[in-house]
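# Report on the structure
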Amino acid sequence: SSDLPMFSSVRSVEPNASGQVQIAVDQTRRRLVSGTPQDPTIQGLLVSGVTDGSNPTVRLRSIQILHEAPSNNADSQQLRDALLGALDHDPSAAVRLKALDGLKQFATDAAVRKALANTLRKDDDAPVRVQAIDLLAAHHDDSIVGVLQGLVQREDNPYVRGQMTNLLEQFNASPGTY
C-alpha cells in the first residue's frame, strides 16, 4: 500500500529466489515490508536504500535490485539522481561501481556524462575510473574533449589513460601537451 508511514532509514534489503524483496525499515520499531521490485512502495524504499548513510550493504543491494529488476518502472529521474548521488558521495568503491552499473541506462544523459567526467577527475579508485571512461567511450560526445585533454596527462592508470587517448583520437582532438 502507498500509505507507508514515515521511516528514518532502510536497514536491510534481502532479495529472494521468488523475485520478492524484503526490506527492513526503521520506524518507531523495525518492520518488514515485502513485495516485488515493481511495487511502487518497494521501489521507493529501494531508492531510499541507495542513499542510506550507515549501511553500504543496503546501498549496494538496493542499487543491484533496482538495476536488475525486470520491467523496472521506477521513477527514472529519482533513480538517476540517487545513483548520481551514490557515485559522487558514497565512501564505498563497491557501491560507486554498482552505481555506475545502474547509470549505464542513462549514459546518454548530459548530467550523467558530466558526472562521469567528474568521476574521472576526482575518484581515487582505479576500477571506478575504468568503468567511468568505458561508459563515456560508449557514446560519442564532443563536450567531454576538454575534460579529457585536461585529465589525460594526470591519469596514473594506464588503461584509463589509454582509453582517454583513444577517445581523443576518435574526436580528432589532440591529447594535449606532453
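This is a predicted model, so every value here is computed, not measured.

Orientation of helix α3 (residues 76–89) relative to helix α5 (residues 110–122), taken along the N-to-C sense of each, is 10 degrees, at an axis distance of 10 Å. The pairing of α3 with α5 is recorded here as roughly parallel in orientation. Contacts between α3 and α5 pair Arg80, Leu84, Leu87 and Asp88 from the former with Ala111, Val112, Ala115, Leu116, Asn118, Thr119 and Lys122 from the latter.

When a protein is soluble and globular, its nonpolar side chains tend to lie buried together. Counting residues in hydrophobic clusters, the biggest one holds 46 residues, and the most contacted among them are Val13, Ile23, Leu46, Leu116, Leu120, Leu148 and Met164. Here the element with the most residues in this core is α3; it accounts for six residues.

Attention shifts here to α5. Over its 13 residues, α5 runs 18 Å from end to end, which matches the ideal 18 Å to within 8%, given 1.5 Å per residue. Of all the positions in α5, only Val112, Arg113, Leu116, Ala117, Thr119 and Leu120 are classed as buried. Buried residues in α5, looked at end-on, bunch into an arc of 150 degrees, giving them a common side. Turned more than 90 degrees from where α5 packs its buried face, Ala110 and Lys114 sit exposed. Each element contacted by the buried residues of α5 is listed here: α3, α4 (93–103), α6 (126–137), α7 (145–151) and α8 (158–170). With a side-chain oxygen positioned 2.8 Å from the backbone nitrogen of Ala111, the residue opening α5 is Asp109.

Analysis parameters
Residues numbered from 1 in each chain as written. Predicted model: local features only at pLDDT ≥ 70, side-chain atom pairs only at ≥ 80, totals over all residues. Heavy atoms only, no water. Axes fitted to C-alpha atoms, helices over the stretch in contact; angles between N-to-C directions. Helix = DSSP H or I, 4+ residues; strand = E, 2+ residues; numbered from the N terminus. Parallel < 35°, antiparallel > 145°, perpendicular 65-115°, else oblique. Contact = heavy atoms within 4.5 Å. Core = buried A, V, L, I, M, F, W, Y, C linked by side-chain atoms within 4.5 Å. Buried < 20%, exposed > 50% of the residue type's maximum accessible area, 1.4 Å probe, protein only. Expected span 1.5 Å × (residues − 1). Arc of directions from axis to C-beta. Polar contact = N/O pair within 3.5 Å; in protein donor to acceptor, adjacent residues only side chain to side chain.

Purely geometric numbers; function is a separate question.
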